[in-house]
Amino acid sequence: MSASAAAGVKMVAAHPCISASQGMLASRAAVSRIETTARFASCPKICCSRPLSSKRAGFVVRAMSGESTPQGLPIDLRGKRAFIAGVADDNGYGWAIAKALAAAGAEILVGTWVPALNIFETSLRRGKFDESRKLPDGSLMDIVKVYPLDAVYDCPEDVPEDVKSNKRYAGSSNWTVKEVAETVKNDFGSIDILVHSLANGPEVTKPLLETSRRGYLAAISASSYSYVSLLQHFLPIMNPGGASISLTYIASERAIPGYGGGMSSAKAALESDTRVLAFEAGRKGKIRVNTISAGPLGSRAAKAIGFIEKMIEYSYVNAPLQKELLADEVGNTAAFLVSPLASAITGSTVYVDNGLNTMGLAVDSPTITS
């Protein structure tokens, strides 16, 4: 999660990389043109939870101030370090956000769900994601380090024995939120950007009336409290003036039949927490906190809902902008929100859904069309 450096980028020694972590229908989560003054190495390095080569360990490509004069109003994140929690493949919003931040010059750290870690690392190492790692300048996104992470657990004491002994967790360590934050601190000292791009509702296909207490609380824990926990533990190592973002969905404020299991409640909690966290993190650490309400995307995770294709079709037909929603559009918005260009924006829910949230009437309704 070594190359020759181009203008504005140079090789610097860093701590050894030890651990590690397309889009709508068939579309790739490629990042559209973001004007930056940074240029990246033509063959960036991937550092996983196990060194790919002893000769390469210890070096990363870090964006430094460029020599050229910026043109226009660029999103410039050079010199910034981002930790993105919830990236396990190359076809979701988390991946698109990582690419947008990388294209703007940020150094990328990733947190990947422990059971998915080996597959993700192997895919990276074998170049399966190389096509979707391409940035606007032709280079590949450099994932400096990928950490194992399970944001359901705050500290080692919270992990039940059946999880500790689960073979899917074998071989990984220090993957609770507290441990990951401590490891990042030891490895890099600090971060500037924190991204929460994870959610899980074990009973998401059940109507709310049929959802168990356990399923409901599990959805809240994994999808909303996990953000509170991440910010709680990462805030002490975030540089003042930094920013944090999460991903929410319109089901937080509108009834979406089929989006069950307490997930709508979890998203509502996430948006409420965003406002409170914006105040607390703003006063305590001068950190901005926002959330992006993204439209439906045919990612691998979203397919668990069971009718994501119908949601995408509904959005296309009824949204003010009748076009496909691309993951990179969410990524670009995220890059703006964590950049100095959004220095006075905090506590906000920003809609990136082709305007579907503004509609109070389905234009494809049989009642209207007749």
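It should be noted that the structure appears before, not after, this text.
About the cut-offs
- Residues numbered from 1 in each chain as written.
- Predicted model: local features only at pLDDT ≥ 70, side-chain atom pairs only at ≥ 80, totals over all residues.
- Heavy atoms only, no water.
- Axes fitted to C-alpha atoms, helices over the stretch in contact; angles between N-to-C directions.
- Helix = DSSP H or I, 4+ residues; strand = E, 2+ residues; numbered from the N terminus.
- Parallel < 35°, antiparallel > 145°, perpendicular 65-115°, else oblique.
- Left-handed = near helix turned anticlockwise from the far one by under 90°.
- Contact = heavy atoms within 4.5 Å.
- Nonpolar A, V, L, I, M, F, W, Y, C, P; charged D, E, K, R; others polar.
- Phe/Tyr/Trp six-rings, centres within 6.5 Å; stacked < 30°, edge-to-face > 60°.
- Buried < 20%, exposed > 50% of the residue type's maximum accessible area, 1.4 Å probe, protein only.
- 1 Å grid on protein atoms, 1.4 Å probe; cavity = no way out; pocket = protein on both sides within 12 Å on 5 of 7 lines; lining within 4 Å.
- Points joined across faces, edges and corners; volume = space filled by probe spheres on them.
- Core = buried A, V, L, I, M, F, W, Y, C linked by side-chain atoms within 4.5 Å.
- Arc of directions from axis to C-beta.
- Salt bridge = Lys/Arg side-chain N within 4 Å of Asp/Glu carboxyl O.

J.: I'd like a description of the packing of helix 5 (residues 213–234) against helix 6 (residues 263–285), backed by residues and values.
T.: Relative orientation of the contacting elements helix 5 and helix 6 amounts to 15 degrees, with a least axis distance of 9 Å. In terms of axis orientation, helix 5 runs roughly parallel to helix 6. Crossing hand, helix 5 versus helix 6: right-handed. Facing Tyr216, Ala219, Ile220, Ser223, Ser224, Tyr227, Val228 and Leu231 of helix 5, the residues of helix 6 in contact are Met263, Ser265, Ala266, Ala269, Leu270, Asp273, Thr274, Leu277 and Ala281. Partitioned by chemical class, the residues of the contact of helix 5 with helix 6 number 12 nonpolar, 4 polar and 1 charged.

J.: Give me the lowdown on the packing of aromatic side chains, citing residues and values where you can.
T.: The final tally for this structure, using the stated rule, is 8 aromatic pairs. Aromatic side chains tryptophan 95 and phenylalanine 120 sit 6.5 Å apart centroid to centroid with 85 degrees between the ring planes, which places their arrangement in the edge-to-face category. In this pair, tryptophan 95 is assigned in helix 1 (residues 93–103) and phenylalanine 120 in helix 2 (residues 117–125), connecting sequence segments 25 residues apart. Judged on exposure class, the residue tryptophan 95 and its partner phenylalanine 120 are both buried. Measuring from centroid to centroid gives 5.4 Å for tryptophan 95 and phenylalanine 129, while their planes differ by 65 degrees, and the two rings are edge-to-face. Placement of the pair is tryptophan 95 in helix 1 and phenylalanine 129 in the loop between helix 2 and strand 5 (143–149), with a sequence separation of 34 residues. A relative accessible area of 8% places phenylalanine 129 in the buried class.

J.: Give a description of the layout of surface pockets that names residues and reports values.
T.: Considered as a void within the structure, the second largest pocket measures approximately 390 Å³ in volume. Surrounding the second largest pocket, 22 residues form its lining, Tyr249, Ile250, Ile256, Tyr314 and Leu356 being those nearest its centre. Going through the elements one at a time, strand 8 (288–294) and helix 7 (308–318) are the ones with two or more residues in the lining of the second largest pocket. The element best represented in the lining of the second largest pocket is helix 7, accounting for 4 residues. Each residue belonging to the lining of the second largest pocket can be placed in one class, and the counts come to 14 nonpolar, 5 polar and 3 charged.

J.: Any details on the packing of helix 1 against helix 8 (residues 327–337)? Residues and values, ideally.
T.: The contact between helix 1 and helix 8 brings their axes to 8 Å, and the two run at 50 degrees. In this view, helix 1 runs oblique relative to helix 8, as classed from their interaxial angle. For the element pair helix 1 and helix 8, the recorded crossing hand is right-handed. Facing Tyr93, Ala96, Ile97, Ala100 and Leu101 of helix 1, the residues of helix 8 in contact are Ala327, Asp328, Val330, Gly331, Asn332, Ala334 and Ala335. Its residues assigned to classes, the contact of helix 1 with helix 8 comprises 9 nonpolar, 2 polar and 1 charged.

J.: Describe the nonpolar core, listing the residues and the values that go with them.
T.: Counting 42 residues, the largest nonpolar core has Leu101, Ile108, Phe120 and Ile292 as its most contacted members. At 9 residues, the largest contribution of residues to this core is made by helix 1. Grouped together as the second largest cluster of nonpolar side chains are 28 residues, Leu149, Leu231, Met238 and Leu270 included.

J.: Give me helix 7: which residues, what numbers.
T.: Since there are 3.6 residues in each turn of an α-helix, residues three or four apart along the chain are aligned in direction. Buried within helix 7 we find Ile308, Met311, Ile312, Ser315 and Asn318. Mapping the buried residues of helix 7 onto a view down its axis gives an arc of 150 degrees, with all of them on the same face. In helix 7, the exposed residues that point more than 90 degrees away from the buried face are Lys310 and Glu313.

J.: Which residues make up the pattern of salt bridges, and what values do they have?
T.: Counted by the stated rule, this structure contains 9 salt bridges. With its nearest N and O atoms 2.0 Å apart, the salt bridge here joins lysine 145 to aspartate 187. With lysine 145 in strand 5 and aspartate 187 in helix 4 (residues 177–188), the pair connects residues that are 42 residues apart, well separated along the chain. The closest approach of N and O atoms between glutamate 253 and arginine 254, which form a salt bridge, is 3.5 Å. A residue is classified by how much of its surface remains accessible, and glutamate 253, at 36% relative accessible area, is partly exposed.

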